[in-house]
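Tertiary structure, described
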Amino acid sequence: PRIEGLDSVDYLTNESIFSLTERPTRLGIIGAGPIGCEMAQTFSQLGSDVLLVESGPGILRREDPDAARIVEASMKRDGVRLLCCGRQLQLSRAGEGVRMQVESHGSGYDEVVDQLFVAVGRAPNVDNLGLEAVGVDFDSKGVKVNDNLRTSNPKIYAAGDICSPYQFTHAADFMARAVIQNTLFKGRAKVSSLTIPWSTYTTPEIAHVGLYPQDAQQQGIEIDTYDQSMEDVDRAILEGDSDGFVRVHVKKGTDKIVGATIVAANAGDLISEITLAMTGGLGLKNIAGTIHPYPTQADAIRKIGDQFNKTRLTPMVASLFNKWLAWTRY
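What this report covers is the structure whose coordinates are included nearby. (Residues numbered from 1 in each chain as written. Predicted model: local features only at pLDDT ≥ 70, side-chain atom pairs only at ≥ 80, totals over all residues. Heavy atoms only, no water.)

Once that is clear, we can look at the overall build of the chain. When you go through the chain residue by residue, the secondary structure sums to 9 helices and 14 strands. By its C-alpha atoms, the chain is 90 × 55 × 35 Å across when sized along the principal axes. For the chain, with 330 residues in total, the buried portion stands at 41%. Partitioning the contacts of the chain with sequence separation of at least 6, the portion at a separation of at least 24 is 56%. (Helix = DSSP H or I, 4+ residues; strand = E, 2+ residues; numbered from the N terminus. Buried < 20%, exposed > 50% of the residue type's maximum accessible area, 1.4 Å probe, protein only. Contact = heavy atoms within 4.5 Å.)

Here it is as structure tokens:
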């Protein structure tokens, strides 16, 4: 990223931060996306004094705003100092450390940290590959592919971060499987057919799959939304992890799941049930009819199914049901 002084200081990235052999007393982090938030909270929990600088108005801006607010409050409780709307960031050497000078909400900050972690500025690595020579189209976002992952050169395919908006290991894995099907076995596997979940490993975790409400609106899909607070899930209460919720979006008037967000201690595990349902074409009625062990956090998902079933009891159905019960009593 274009940050004044960045080229004059030492800094860590997501590839080098795990090579640290000592806990930094003071850690500065630039960027409040998933990686920045994960590392900020982790190092704060380990005892570091963490300063997180974000140029925008909040953290995890791609996520459900309600989910991001819960994680932000948790991070602050863990001691992370968050400077949002950071402007005019300047970096310089300060002995063995790095000086961070930044303005946030009209106030100036001048902080010295032992280590600096840059969690923004990822770009596709296409330099010196000779893509122009073989007719492979690419731009600043990466290699261009069609739905079958074929590039503009029909003999060349691509998979993973280089050509996907979903920069996750598991997404790259299944894209690679699609390439194998399409190249070795003459398949027609499509990226658009993949249901790709993701999780941010903060405390609590945020996991998501499918559409957000704004995505559905852009695609002209009307939705109904069902919420289940973890405050009403016994296992979450017992474990002291009741900050969070399960939120499921379905196509309006149906139980067809089009998206979901989970905020919970193990949201990354819980989202797999929703992902399986979407992949298999199962709806909330199927989830409601599936026995879940009690007490578990996954019971929150079953409760969402029960919420949908309750909507099926319309006034007309209730009236007919009451008449049936009255008649069967005699």
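Read on for the rest.
On to the pattern of salt bridges. Counting across every chain of the model gives 18 salt bridges. A salt bridge links Arg247 to Asp66; its shortest N-O distance comes to 3.0 Å. Here Arg247 is found in strand β13 (residues 245–251), whereas its partner Asp66 is found in helix α2 (residues 65–77), with 181 residues between them in sequence. Look at Asp66 and you get partly exposed, because its relative accessible area is 28%. Residue Lys76 is joined to Glu72 by a salt bridge in which the shortest nitrogen-to-oxygen separation is 3.2 Å. On the criterion of helical spacing, the pair formed by Lys76 and Glu72 is a turn pair, its members being 4 residues apart in helix α2. Taking relative accessible area as the criterion, Glu72 reaches 19% and is therefore assigned buried. Residues joined in a network through salt bridges with shared partners are Asp64, Asp66, Arg69, Asp227 and Arg247. (Salt bridge = Lys/Arg side-chain N within 4 Å of Asp/Glu carboxyl O.)

Turning our attention to the side chain of Asp299. Checked against the element boundaries, Asp299 lands in helix α8 (residues 299–311). On the basis of relative accessibility, which here comes to 6%, the residue Asp299 falls in the buried class. Setting aside its immediate chain neighbours within four residues, Asp299 contacts His292 and Tyr294.

So, on to the environment of Arg188. The residue Arg188 is located in the loop between α3 (169–184) and β10 (197–200) in this model. Residue class for Arg188 comes out exposed when judged on its relative accessible area of 62%. Note: C-alpha distance between Arg188 and Val113 (75 residues apart in sequence) is 51 Å.

Across the sheet, 4 strands lie side by side as β3-β2-β1-β7; this open sheet has parallel pairing. The open sheet terminates on both sides in strands that have one partner only, identified here as β3 (81–83) and β7 (115–118). Direction aside, the axes of adjacent strands within the sheet are offset by 20 degrees on average. Strand direction decides the pairing type here: strand β2 (residues 49–53) and β3, joined by 3 bridges, are parallel. Residue pairing for β3: Leu51 is matched across the bridge by Arg81. With respect to the sheet, helix α1 (residues 34–46) is in contact with β1 (26–30), β2 and β7, its orientation differing from that of β2 by roughly 165 degrees. (Pairing = 2+ DSSP bridges. Axes fitted to C-alpha atoms, helices over the stretch in contact; angles between N-to-C directions.)

What follows covers the sheet that holds strand β5 (residues 97–104). The antiparallel open sheet is built from 3 strands, whose spatial order is β4-β5-β6. Of all the strands in the sheet, the pair left with one neighbour each is β4 (86–94) and β6 (107–113). Between one strand and the next, the sheet's axes are offset by a mean angle of 15 degrees, whatever the strand orientation. By the bridge criterion, 7 bridges tie β4 to β5 in an arrangement that is antiparallel. Across the sheet, residue Gly86 finds its bridge partner in β5, namely Ser104.

Before going further, it helps to spend a moment on the packing of aromatic side chains. One pass over the structure, following the stated rule, counts 4 aromatic pairs. When the ring of Tyr166 is compared with that of Trp198, the centres are 5.8 Å apart and the planes differ by 35 degrees; the resulting orientation is tilted. Placement of Tyr166 in the loop between β9 (142–143) and α3 and of Trp198 in strand β10 is noted, with a sequence separation of 32 residues between them. Ring centres of Phe168 and Trp198 lie 5.7 Å apart, and the angle between their planes is 15 degrees; on these two criteria the pair is classed as stacked. With Phe168 in the loop between β9 and α3 and Trp198 in strand β10, this pair connects stretches of sequence that are 30 residues apart. For Trp198, a relative accessible area of 11% puts it in the buried group. Through a chain of ring-to-ring contacts, the aromatic side chains of Tyr166, Phe168, Trp198 and Tyr212 assemble into a single cluster. The cationic tip of Arg177 hangs over the ring face of Phe174; the distance from NZ or CZ to the ring centre is 4.4 Å. (Phe/Tyr/Trp six-rings, centres within 6.5 Å; stacked < 30°, edge-to-face > 60°. Lys NZ or Arg CZ within 6 Å of the ring centre and 35° of its normal.)

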